[in-house]
Amino acid sequence: MRLSRYFLPVLKENPAEAQIVSHRLMLRAGMIKQSAAGIYSWLPLGFKVLRKIENIVHEEQARAGHIPFQMPILQSADLWRESGRYDDYGEEMLRMKDRHGRDLLYTPTAEELVTDIFRSHVGSYRDLPLTLYQIQWKFRDEIRPRFGVMRGREFLMKDGYNFDLTKEDALHAYNRHLVSYLRTYERMGLQAIPMRADSGPIGGDNTHEFLVLAETGESEVFYDSAVTDIRLGSREIDYDSVEACRAVMEQFTALYARTDETHDAAKFAEVPEARRRVARGIEVGQIFYFGTKYSEPMGATVQGPDGKPVPVHMGSHGIGVSRLLGAIIEASHDERGIIWPEGVTPFHAGVVNLKVGDAEADAASEAICAAMTAAGLEPLYDDTDERAGAKFATQDLIGLPWRITVGPRGLKNGVVELTSRRTGESEELPPEEAVKKLIAIYEGHLVRGM
RNA sequence: CGGGCUAUAGCGCAGUCUGGUAGCGCGUCCGUCUGGGGGACGGGAGGUCGUAGGUUCGAAUCCUGCUAGCCCGACCA
């Protein structure tokens, strides 16, 4: 992409409305624009990252055997009356009427609708297990939205629902989700710690939240510092194996890690003092097992092997897709701007032409972009007439993890500069070598963008 | 929803107390010079001062209502 033809309205100064760093940087980097309190337009750069995050979620869901589908944003109140949640949800649910006076609502979550789909079409235990998920916009009419996309009213969320014959099967689904979520976050360059949580309006008694440690987090968290040493890494896990999933779940949840909602001071005191940590965290996902809470009242049953109808055991699982952008930035930035992890970066590298109009610099820059594109990498080619300082400042702000600087000075010696955004380290290389190095860096990190 | 605050050019702000018809920086447009960390000089464009009403010869400025946004709290992914 040529920067001169892209739409990247960066701001030099901090907008007054933004208080926390991720909100400030998203506005300054031209990723979002507020439309109303807690409601944002996604400008091209922000939209690109959003799509990459979505695609990682999709890929990891597919790997775990979960099936994508989509439910509507506006839902009839009828099903919600059936479950009793139309009244329970309160003012947070945005309600409206259509021209016929029918009650509609903007979905804050979708247990009712998916349960209705299930009961309409699934009748036999032979159809189980089943896990359906969607990535869809949600709305929760927060009293006080704040912190940009971290606490918006409209937000993009992956929500999944598992249907199983028995509690044991549903707990396997729970563990399988826990593992797949860990993989998902790790691919985004994030460490998200599963913490025992409170189930809130979803209900149920088995639930974990995934927290990214960050000073600006909305939740106070208490944990044994040893949990931060556990990584899934590159190990292969058989999602069909009850044992394998349970082992990972046990490994990640054995140590003390809780949010303030479930914090138990007595149990926390058992953690060796040197490893006790009190910090803040951003919630980026949550998984629930809630048994027959919805299937029973809504009549979501299957016939078992004995021919008798039994209510299915369910769970639901969510990833805050739009909120993840804020979480990633909170966890990865410096005073100059964002630092994208390779897995989610909107462009794989910035190609900065320091002397646009110079035949050699133009040709070398374009050749680098062509070679990157041929290898499946997306360059952001800064072909504008800005001065070097301004170009670098923009690159630093928008946070592409790698920059190739092309200028007459280097080209005289047949080299360009490859610079890491994270470390600031540069090395001079012939253009082909720089591209080769990028290809190696991104091995295993390629995600479809937009 | 309780408490506090704000609204003046695309962004950040001054001007409001003490009423006299709007200004600064950045950005933007044109030109010249410049060219490896937000460059210099010159010349432009851009605002019915959130909105409705009131006071006044005269309102960005004083008064009232409304709307929107921000902060703290309660709530929440």
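Residues numbered from 1 in each chain as written. Chains lettered and ligands numbered in written order. Predicted model: local features only at pLDDT ≥ 70, side-chain atom pairs only at ≥ 80, totals over all residues. Heavy atoms only, no water.

*Asks:* Would you take a moment to explain the pairing of strand S11 (residues 219–224) for this structure?
*Replies:* In terms of residue burial, S11 counts as a mostly covered element, since five of its six residues are buried. Examined bridge by bridge, S11 and strand S13 (residues 276–291) share six bridges and lie antiparallel to one another. Bridge pairing in S13 links Glu220 to Arg280. Bridge count between S11 and strand S12 (residues 257–259): three bridges; the pairing is antiparallel. Across the sheet, Phe222 pairs through a bridge with Arg258, a residue of S12. (Buried < 20%, exposed > 50% of the residue type's maximum accessible area, 1.4 Å probe, protein only. Helix = DSSP H or I, 4+ residues; strand = E, 2+ residues; numbered from the N terminus. Pairing = 2+ DSSP bridges.)

*Asks:* How should the side chain of Glu60 be read in this particular structure?
*Replies:* Along the chain, Glu60 falls in helix H2 (residues 44–63). Residues in contact with Glu60, not counting those within four places in the same chain, are Ser180, Arg183, Thr184, Arg187 and Tyr239. (Contact = heavy atoms within 4.5 Å.)

*Asks:* Hey, could you run me through the nonpolar core in this one?
*Replies:* Looking at soluble globular proteins, one finds that nonpolar side chains tend to be buried together. With 66 residues, the main nonpolar core has Met31, Ile53, Tyr185, Phe210 and Val284 as its most contacted residues. Among the elements that line this core, the one with the most residues is helix H6 (residues 167–187), at seven residues. If sequence neighbours within four positions are ignored, Val284 has contacts with Tyr185, Ala192, Phe210, Val212, Gly318, Ile319, Gly320, Leu324 and Ala327. Counting 26 residues, the second-largest nonpolar core is a separate cluster that includes Ala77, Tyr86, Leu132 and Phe163. (Core = buried A, V, L, I, M, F, W, Y, C linked by side-chain atoms within 4.5 Å.)

*Asks:* Where do I start with the sheet that holds strand S20 (residues 379–382) in this structure?
*Replies:* Strands belonging to one sheet form pairs held by backbone hydrogen bonds; the direction of such a pair is parallel or antiparallel. Judged by pairing direction, the sheet is mixed, and its five strands sit side by side in the order S20-S19-S21-S22-S23 without closing on themselves. Strand pairing shows two members of the sheet lacking a second neighbour, S20 and strand S23 (426–429), which therefore form its edges. In this sheet, neighbouring strand axes are inclined to one another by 20° on average, regardless of whether the strands run parallel or antiparallel. Both strand S19 (residues 349–353) and strand S21 (residues 402–406) contribute to a ladder of four bridges, which runs parallel. By the bridge assignment for S21, Val351 is matched with Ile404. Along the sheet face, helix H11 (residues 359–374) touches S19, S20, S21 and strand S22 (416–420) and points at about 165° away from the line of S19. (Axes fitted to C-alpha atoms, helices over the stretch in contact; angles between N-to-C directions.)

*Asks:* Explanation requested: the packing of aromatic side chains in the structure shown.
*Replies:* Two numbers describe a pair of aromatic rings. These are the distance of the centres and the angle of the planes. Counted by the stated rule, this structure contains eleven aromatic pairs. Between Trp42 and Trp137 the ring centres are 6.4 Å apart and the planes differ by 50°, which places this aromatic pair in the tilted class. Residue Trp42 is located in strand S2 (residues 39–42), and its partner Trp137 is located in strand S7 (residues 130–139); the two are separated by 95 residues in the primary sequence. Its relative accessible area of 21% is what places Trp137 among the partly exposed residues. (Phe/Tyr/Trp six-rings, centres within 6.5 Å; stacked < 30°, edge-to-face > 60°.)

*Asks:* When you look at the pattern of salt bridges in this model, what are you seeing that I'm missing?
*Replies:* Opposite charge on two side chains makes pairing possible when the charged atoms of those side chains draw close. A full pass over the atoms with the stated rule returns 29 salt bridges. The residue Arg323 makes a salt bridge to Glu218 at a minimum N-O spacing of 2.7 Å. On the criterion of sequence distance, the pair formed by Arg323 in helix H10 (residues 321–331) and Glu218 in the loop between strand S10 (206–213) and S11 is long-range, its members being 105 residues apart. For Arg323, a relative accessible area of 16% puts it in the buried group. (Salt bridge = Lys/Arg side-chain N within 4 Å of Asp/Glu carboxyl O.)

*Asks:* Is there a simple way to think about unusual backbone geometry in this case?
*Replies:* In most cases, non-glycine residues show a negative phi, while peptide bonds are predominantly trans. Here the residue pair Leu128 and Pro129 is connected by a cis peptide bond, since its omega of 0° sits within 30 degrees of zero. Within the element layout of this structure, Pro129 appears in the loop between helix H5 (111–121) and S7. With phi around 60°, Phe147 is a residue other than glycine that occupies positive phi space. Position of Phe147 among the secondary structure elements: in the loop between S7 and strand S8 (154–164).

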